[in-house]
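Understanding the architecture of this molecule
Here is what each chain is made of, one letter per residue.
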Amino acid sequence: MLITIPDVLNKEELAVVHNYFSQANFVEGKLSAGSEAIDVKNNLEMRMSDQHMDQLNNLVMGRLVQHPAYLSAAMPAKIAVPFYAKYSEGMQYGKHIDDPIMGPPGQRYRTDLSITVFLNSPENYDGGELVVETAFGEQIVKLDAGNAIMYPSGSTHRVAEVTRGERIVAVTWVQSMVRDPAQRELLYRLSQARELLLAKSKGEQETELVSNAYINLMRMWSDI
Ligand code: NI
């Protein structure tokens, strides 16, 4: 299931992000690539030690982790420190799946969900689509600046070559309390039904039944 997380960042926040990008140092993305990705990765990433990184993280991640769509669809247990990537003309990221376990010793996490936050406008570049393989075929994703997409980390995906301009994104990974994607999707759908019922018929028997089923399924399927 691919989930769009709309309006993670507004125009003013994006302007601040662009300012950080213009001052930051970038290194070859291959340096952070996992075993499967190293041969196909061709992009630039902000240097982790960059002095602006903390401020940038506070802004981007601060907004993302409070977003209701993120919370209800990811059921997050842990979220990674993001990478900030830049794809100039001719750059791309070939077909790969993300490493199952990431993070330094002592801070390891399992990657259940991958998130890309689009940080500049699709009019600023040609190509650069995120292409995710799903059971229903390829999903091609190129969102407006400030929006994010979340997809299962086990999906094969790639970033098409940028043929004009520059694509800038933040990418991060989530360990969900619910490991299984099918269970997570069912819980997400049920939580949506519950929200609708709570808004329309709070206190009614059907609301209580759905709500109890959601809460107890969450208890049954989650690990923290
Ligand atoms: Ni990837």
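Structure report, in brief. (Residues numbered from 1 in each chain as written. Predicted model: local features only at pLDDT ≥ 70, side-chain atom pairs only at ≥ 80, totals over all residues. Heavy atoms only, no water.)

Let us now look at the coordination of the nickel ion. Here the nickel ion is held by His 96 (NE2), Asp 98 (OD) and His 157 (NE2), and the distances to it run 2.1 Å. For the nickel ion, the single-chain donor residues occur in sequence as H-x1-D-x58-H. Of this pair, His 96 sits in strand β7 (residues 92-96) while His 157 sits in strand β15 (residues 157-159), and the two are 61 residues apart along the sequence. (Donors = N, O, S within 2.8 Å, 3.2 Å for Na, K, Ca; no water. Helix = DSSP H or I, 4+ residues; strand = E, 2+ residues; numbered from the N terminus.)

A few words on the packing of aromatic side chains. The tally for this structure, following the rule as stated, stands at three aromatic pairs. Judged by centre distance (6.2 Å) and plane angle (85°), the ring pair of Phe 21 and Tyr 84 falls under edge-to-face. Taken together, the residues Phe 21 in helix α1 (residues 11-23) and Tyr 84 in strand β6 (residues 83-87) connect sequence positions 63 residues apart. No difference in accessibility class separates Phe 21 from Tyr 84, as the two residues are buried. Ring centres of Phe 83 and Trp 173 lie 5.9 Å apart, and the angle between their planes is 80°; this geometry places the pair in the edge-to-face category. Pair noted here: Phe 83 is in strand β6 and Trp 173 is in strand β17 (residues 167-176), with a separation of 90 residues, a long-range link. The pair Phe 83 / Trp 173 is uniform in exposure class, with both members buried. One aromatic cluster is present, formed by Phe 21, Phe 26 and Tyr 84 through successive ring pairs. Here Lys 86 stacks its cationic end above the ring of Phe 26, 4.1 Å away from the centre of that ring. (Phe/Tyr/Trp six-rings, centres within 6.5 Å; stacked < 30°, edge-to-face > 60°. Buried < 20%, exposed > 50% of the residue type's maximum accessible area, 1.4 Å probe, protein only. Lys NZ or Arg CZ within 6 Å of the ring centre and 35° of its normal.)

This part covers the layout of surface pockets. Within this model, the largest pocket holds a volume of roughly 620 Å³. What lines the largest pocket is a set of 38 residues, and nearest its centre among them are Phe 83, Met 102, Tyr 109, Val 171 and Trp 173. Elements supplying a minimum of two residues to the lining of the largest pocket: β5 (76-79), β6, β7, β8 (101-102), β10 (113-118), β15 and β17. Sort the elements by how many residues they give to the lining of the largest pocket and β17 lands first, with five residues. Each residue belonging to the lining of the largest pocket can be placed in one class, and the counts come to 22 nonpolar, ten polar and six charged. (1 Å grid on protein atoms, 1.4 Å probe; cavity = no way out; pocket = protein on both sides within 12 Å on 5 of 7 lines; lining within 4 Å. Points joined across faces, edges and corners; volume = space filled by probe spheres on them. Nonpolar A, V, L, I, M, F, W, Y, C, P; charged D, E, K, R; others polar.)

The biggest cluster of nonpolar side chains holds 37 residues, and the ones touching the most others in it are Ile 5, Leu 9, Phe 21, Tyr 84, Leu 119 and Met 150. Of the residues forming this core, the biggest block, six residues, is contributed by helix α2 (residues 53-64). Not counting chain neighbours up to four residues away, the residues in contact with Leu 119 comprise Leu 9, Leu 14, Val 17, His 18, Phe 21, Tyr 84, Ala 145, Ile 168, Val 169 and Ala 170. In this structure, Ala 80, Tyr 87, Leu 130 and Val 132 belong to the second largest nonpolar core, which totals 23 residues. (Core = buried A, V, L, I, M, F, W, Y, C linked by side-chain atoms within 4.5 Å. Contact = heavy atoms within 4.5 Å.)

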